[in-house]
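Chain and residue survey
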Amino acid sequence: MKTLLRNRKALIGLVIIAAIVIVAIAAPLLTQYDPAARTGRPHQPPSLDHILGTTRIGQDVFARLIYGARTSLAVGFGAGLLITLVGTALGIISGYRGGKTDEVISFFTNMVLVVPNLPLLLVLAAFIGQASPLVIAGILGATSWAWGARVTRAETLSVKHKDFVKSAEMMGEPQWRIMTFEIFPNVISIVGINFIGSVIFAIITEATLEFLGLGDPRAISWGTMLYNAQKASALSVGAWWDILTPCFALAFLGIGMSLLNFAVDEIANPRLRTGNHLKRWSLLVRSGEGRL
């Protein structure tokens, strides 16, 4: 954690994510409006009463934004956690046990990887109908674990031959304990990268499905905000605040998660830690130019 907090990218990313989470939790304290109720005129521009304007039916955009953050974050972190748990468990078991177990898990992993993810999600969501955010999170978790399982398996194959793993086997430790307490801590960086990437993927995919009209229109999320704004032709009538607000929210959250992902990748891979070296080289170059 000390290494992570000393990384500038990680610190900025954590501040962005923490700010969004705090705003989502404190939503009832930040607005007096009900996000589902009509509180103003249709497509009222931003003002003191409605700082981000209103929708076509007079709903407060700011209230829908901060309440919608709850749903989008819940789907993102819920689906990301499910994807990471399934992919990590299968990857470690496959890589450590090998043999028939590895063949069976690798077969299903390859099968899931071959199927295009987004078209599969579109078909499943269309088959279900108006899928709720919980259903979307379940679909994402059930269809998006293969990449994490493949990467975790590869890392497990390199860790299982280390001396501390062989020592635990010679001492008679059970396999579940070796996988949990010996292998898992040594692949935690890969698990962290997988989790952050899965959260970004889940939030963007949920917004995409809802924007296409495959989500529950009664749910309040950033995806349904985009869907309702597009359906109301917000840009055509000049109500830019109705559609740009959720777009900027998604982009802002994506930037925070991406910065955190880059930082974890740098910490896990020492070859990417070029910041201090670049500073030293720049100082050397400047000192050399000064002498000349």
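Read on for a plain summary of the structure.

Definitions and cut-offs
Residues numbered from 1 in each chain as written. Predicted model: local features only at pLDDT ≥ 70, side-chain atom pairs only at ≥ 80, totals over all residues. Heavy atoms only, no water. Phe/Tyr/Trp six-rings, centres within 6.5 Å; stacked < 30°, edge-to-face > 60°. Helix = DSSP H or I, 4+ residues; strand = E, 2+ residues; numbered from the N terminus. Buried < 20%, exposed > 50% of the residue type's maximum accessible area, 1.4 Å probe, protein only. Lys NZ or Arg CZ within 6 Å of the ring centre and 35° of its normal. Core = buried A, V, L, I, M, F, W, Y, C linked by side-chain atoms within 4.5 Å. Contact = heavy atoms within 4.5 Å. Patch = residues over 30% accessible without salt bridge, like charges linked within 9 Å, V, L, I, M, F, W, Y side chains within 5 Å. Areas by Shrake-Rupley, 256 points an atom, 1.4 Å probe, with all protein chains shown as cover. Salt bridge = Lys/Arg side-chain N within 4 Å of Asp/Glu carboxyl O. Polar contact = N/O pair within 3.5 Å; in protein donor to acceptor, adjacent residues only side chain to side chain.

1. Focus on the packing of aromatic side chains
Tallying each qualifying case throughout the model produces three aromatic pairs. Look at Phe77 and Phe195: their rings are 6.1 Å apart centre to centre, the planes differ by 45 degrees, and that puts the pair in the tilted class. Of this pair, Phe77 sits in helix H4 (residues 61-97) while Phe195 sits in helix H11 (residues 188-211), and the two are 118 residues apart along the sequence. Under the relative-accessibility criterion, Phe195 is labelled partly exposed at 24%. Aromatic pair Phe107 and Phe108: ring centres 5.4 Å apart, planes at 75 degrees, arrangement edge-to-face. Since its relative accessible area comes to 42%, Phe108 is described here as partly exposed. Directly above the aromatic system of Phe181 lies the positively charged group of Arg177, at a separation of 4.8 Å from the ring centroid.

2. Let's talk about the nonpolar core
Within the largest apolar cluster, 30 residues are counted, with the highest numbers of intra-cluster contacts made by Leu4, Ile20, Trp222, Leu250, Leu253, Met257 and Leu260. Those elements that place two or more of their residues in this core are helix H2 (8-25), H4, H11, helix H12 (222-231) and helix H13 (240-268). Considering each element in turn, this core owes the most residues, nine residues, to H13. Excluding residues that lie within four positions of it along the chain, Leu4 makes contacts with Ala10, Leu260, Ala263, Val264 and Ile267. In terms of nonpolar packing, the next biggest core, distinct from the first, is built from 12 residues, Ala79, Leu140, Ala202 and Leu209 among them.

3. Here's the deal with a nonpolar patch on the surface
Together, Val104, Phe107, Phe108 and Met111 make up an exposed nonpolar region whose accessible area comes to about 390 Å². Looking at where Met111 falls in the secondary structure, it is placed in helix H5 (residues 99-114).

4. A short note on the environment of Arg97
Tracing the sequence through the fold places Arg97 in helix H4. In this structure Arg97 comes out as partly exposed when scored by relative accessible area, which is 48%. Sequence separation between Arg97 and Val159 is 62 residues; the distance between their C-alpha atoms is 12 Å. In terms of polar contacts, Arg97 uses its side chain to reach the side chain of Gln175, at 3.4 Å.

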